[in-house]
Structure formats: C-alpha cells, structure tokens
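Commentary on secondary and tertiary structure
For reference, the chains in residue letters:
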Amino acid sequence: MEQKKILIITYYWPPAGGPGVQRWLKFAKYLPESGWNPVIYTPENPSYPLLDESLLKDVPQNIEIVKTKIWEPYQLAEKLNKSNKKFKAGQFDVGKNQSWKSRLSIWVRGNFFIPDARVFWVKPSIKFLEQYLKENKIDVVVTSGPPHSLHMIGLGLKKKLPNLKWIADFRDPWTEISYYKHLKLTKSSDRKHRQLESAVFKNADITLATSYTDAENFRKSGANAICITNGFDESDASTPFSATTEKIQQQKTFTLSYIGVLEQLRNPEKLWKALDELVKENKEFADHFTLKFAGRVDDKILQSIESSNLKNHILNLGYISHDKAVEEMANSNLLLITNFPNESSKGIIPGKIFEYLATGKHIISFGPTGADVSRILAETGAGKHFGYEDSKAVKDFILEKYELWKKGNLLKNTQNIEQFSRKNLTKKLVEILG
C-alpha cells in the first residue's frame, strides 16, 4: 500500500510543553500505522511559554520536520511589562488585577496583531510552502490553531493552490474563545477578526473541532465541521489503563489535585471557599486533606489561597514534565478541571480531562451549565460538573468522596473511555482524510 503524506502546520512541537503540542504529536505518532506519513512544518526559533523535553520520546523516528524562522514581538512586550509573558499562553490579568501597563499591552495585542502575535510568520510561510508543495507530493495540509495565524497560512495556500485539500484544526475557538472579549478590540479590529475567521470556515475543506458544541457552532458559521476530541494515550501511563472497576489504593492523605495551567478567568473561587470551610469546620478532614498543584498557577490565585485556612494544606509542585504530571494524577483522589464560566465556553473540553478519565480517579469540574465536559462525565460516570455558584453542592460532593475514601470505599472507574484513546481517535481522523 502506497503511503500518503500529510503536512501538519503547527506552532507547537516538542520540546514545547503544555496541551497545545500533544494533539498533533499523538496523531503523528499513530498515523503511520494507517498508511499516512506526517511531515511537520514548525518555527525554527519559537517563543514557547512552556518546555517539556519528555514529549520528545513521542516524536516518530525519521519523521520529516521542516522549519523556517519566525519573528515574534513577545521579547519586546516582556521588557515593557513582565506580566506580558502570560500572553504567549493566552492568559490575561483581569478586573482589579489589571495595571495600566496590562491594559495597554492587551489593547496593542488585540488591535495591532490580528489574529495574533505570530502573524509575521504568515507571508514568509505561504511563500516557502507554496514552493515546497510544488516540489513534494502532499495529499493533505493541516493547520492547527491557536495561534490562529496558522490558519492564515492555510488560507493563503488554498488561494494559490485551489486543488489543495486543507483541514483547519481548531483546538480552541477563535472569536468565541472566552478571552476574546478581553482584547479591548475596536469595531474595525473585531470586524477583521470575524472576516478572517469566516474566510477560514468557508475555504477549508474540513474544519476540525475538539468539542461537540464547537463543531455545531462552526457549522452554523458556514464550516464543514467535524468533531474529533482530544484523548489519552495508553503508553503515557506507567501501567496500562485498566478497564475494570477497583478500589483506589488507600493513601495517608486525601488529595485534590489540579494539573496544568490555571489562570484568573478560570479560577473556581467557590471551590476554595468550600475547602476553606471544610478545613475550618472538620478537624478530621483538615488532618487528611492536601490541595496539590502541578503546573503553572497564576500568582494572584495562589496569593488568595495562601491567605486562607488552606495555607498549610497546599503542595505546589510547579511546572513538571508530562510524564510526571500523569504520575501525579494517579497519586490523587480527586482531580479538578475548570472552564470559563460564560455560556459561550460550554464547548471547551480541556485536554487534561481525558488523561484524568484514564486514571479512573474521580473528577470535579467547574464551568457553564450544559457544558460538553458535563456530557463526558455523565457518559463515563467519572465525576460531577458544577456551576461557579454551586458552593454548598460542591462542599457536599467533596465531603461525600472524603467519607468514601476514609472507609476505603472510593472506587476506580474507567467505563466507556475507549472512544477517547489516541489510537481510536487517529482511526477516526484517517476516515476523514480519505
């Protein structure tokens, strides 16, 4: 069988860390099993917010990686204001935490760099890849965003090469992403963002979404949209993910863990309040409880928690490798996932939920009512989803799980999760590739 080739245009590639890199890294890992050879196009000198050398092990041997240089304004922005470093990961100071420098930087970012600060890589990449595609047989081109500038590369190539099969992969929405309204856009800038997004939807042969709701919204906007969620990779675990239900090994501490990046826009203040009250009211709970963070947590969130009764219950590991993160998930009793509170974010499914599912540990989730995360938790029986105002219900849920843990009756659950394995998701992608 003749191998086909797929060109994957992605900003994030190992040694980049974080969830953005893993989607197409895992697809690239398993595509050759189905007769597709991936070729990666990525920047030679990117400004990554996080690094994770452990992900290099998943890069297929002998994979072709094509690189060109990129210019980004982040170094200049960070000199003006250290908090601008957050922009690289799509994070912002909000509300009372915003200084005048932050407000100015956000305004500049939203109105001068459309769709984002990687826009300066678009024209050089179109020129380079147009020639590359003429000289090399490529069956499908994929652009993965954010940064959504990469979809501009796909759009430019499609206009020059109309017969090109182009898939635009949206790991997050563009104008519907929660922080979009915080960009302080002028009317003309907002109009330009939406025009570019519409052009991508209408010109891409297929638009991939990572959630059911996003796919539906993209179709309403004129896209030929299909949902392929993110997932978990069995090989990421030290032992195979079990499909059986069993008791979770008893540990000395009852640990609630948040793994990943936590910014101000997704801060579950009601959870911290509920935990603060439990520690204050229940001495036995206080003796056993640990709140663990593994990843990058906004300084202002940490400062707030450390000024409460939770101060002596915090274990902050900082950013750790993906392999270590999977270990920390397995060494927890409750796993926390948060989403933006607004209705427009109900389609966001944070990638970590699938690795959470694979551990069999119980999940507590925060976000808007009717969120896709809620649907996944209901299908798998893995946990419970709450709104940001459900303080008492949250408290009751945690106490219920604690009592089960104390009696040794907290059960491991991995039902109905096979659909989210990276191998099965890659098979679904191959069906779409044709």
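As a reminder, the structure under discussion sits directly above these lines.
Since the model is a prediction, treat every value here as computed from it, not as a measurement. (Residues numbered from 1 in each chain as written. Predicted model: local features only at pLDDT ≥ 70, side-chain atom pairs only at ≥ 80, totals over all residues. Heavy atoms only, no water.)

For helix 15 (residues 422-433), spanning twelve residues, the distance from its first C-alpha to its last is 16 Å, which sits close to the expected 16 Å at 1.5 Å a residue. Here helix 15 has its buried residues at Arg422, Leu425, Thr426, Leu429, Val430, Ile432 and Leu433. Seen from one end, helix 15 has its buried residues packed into an arc of 155°, which puts them on one side. Residues Lys427 and Glu431 are exposed on helix 15 and point more than 90 degrees away from its buried face. (Helix = DSSP H or I, 4+ residues; strand = E, 2+ residues; numbered from the N terminus. Expected span 1.5 Å × (residues − 1). Buried < 20%, exposed > 50% of the residue type's maximum accessible area, 1.4 Å probe, protein only. Arc of directions from axis to C-beta.)

Moving on, we come to the sheet that holds strand 2 (residues 36-43). The seven strands lie next to each other as 3-2-1-4-5-6-7, forming an open sheet whose pairing is parallel. Looking along the sheet, the strands with just one partner apiece sit at the ends: strand 3 (64-68) and strand 7 (225-227). Taken pair by pair, the neighbouring strands of this sheet meet at an average axis angle of 25°, ignoring direction. As defined by bridge partners, strand 5 (residues 166-170) adjoins strand 6 (residues 206-209) across four bridges and the pair is classed as parallel. By the bridge assignment for strand 6, Phe170 is matched with Ala209. Each of strand 5 and strand 6 is contacted by helix 6 (residues 187-203), which is oriented at about 130° to strand 5, the strand it contacts most. Set on the sheet, helix 15 makes contact with strand 1 (4-10), strand 2, strand 4 (140-145), strand 5, strand 6 and strand 7; between it and strand 6 the angle comes to about 165°. (Pairing = 2+ DSSP bridges. Axes fitted to C-alpha atoms, helices over the stretch in contact; angles between N-to-C directions. Contact = heavy atoms within 4.5 Å.)

Bringing the pairing of strand 1 into the picture now. Counting buried residues along strand 1, five of its seven residues qualify, which places the element largely inside the surrounding structure. With six bridges joining them, strand 1 and strand 2 adopt parallel strand pairing. Residue pairing in the sheet places Ile8 in a bridge with Ile40 of strand 2. Between the parallel elements strand 1 and strand 2, the chain passes through helix 1 (residues 19-30) in a crossover that is right-handed. Pairing of strand 1 with strand 4, which is carried by five bridges, proceeds in the parallel orientation. (Right-handed = clockwise from strand over helix to strand, strands pointing away.)

Another aspect to go through is the packing of aromatic side chains. Counted by the stated rule, this structure contains 23 aromatic pairs. With centroids separated by 5.0 Å and ring planes inclined at 45°, the aromatic side chains of Phe354 and Phe420 adopt a geometry described as tilted. Pair noted here: Phe354 is in helix 12 (residues 352-359) and Phe420 is in the loop between strand 15 (411-412) and helix 15, with a separation of 66 residues, a long-range link. When sorted by exposure, Phe354 lands in the same class as Phe420, which is buried. Each ring, one from Phe366 and one from Tyr388, has its centre 5.8 Å from the other, and the planes form 40°; the classification is tilted. A residue pair is termed long-range when its members are at least 10 positions apart, and Phe366 in strand 13 (residues 362-366) and Tyr388 in the loop between strand 14 (383-386) and helix 14 (391-406) qualify at 22 residues. Here Phe366 and Tyr388 have matching classes, each one buried. These aromatic residues form a ring-pair network of at least three members: Phe254, Phe285, Phe289, Tyr402 and Trp405. Sitting over the face of the ring of Tyr11, Arg118 holds its NZ or CZ atom 4.2 Å from the ring centroid. (Phe/Tyr/Trp six-rings, centres within 6.5 Å; stacked < 30°, edge-to-face > 60°. Lys NZ or Arg CZ within 6 Å of the ring centre and 35° of its normal.)

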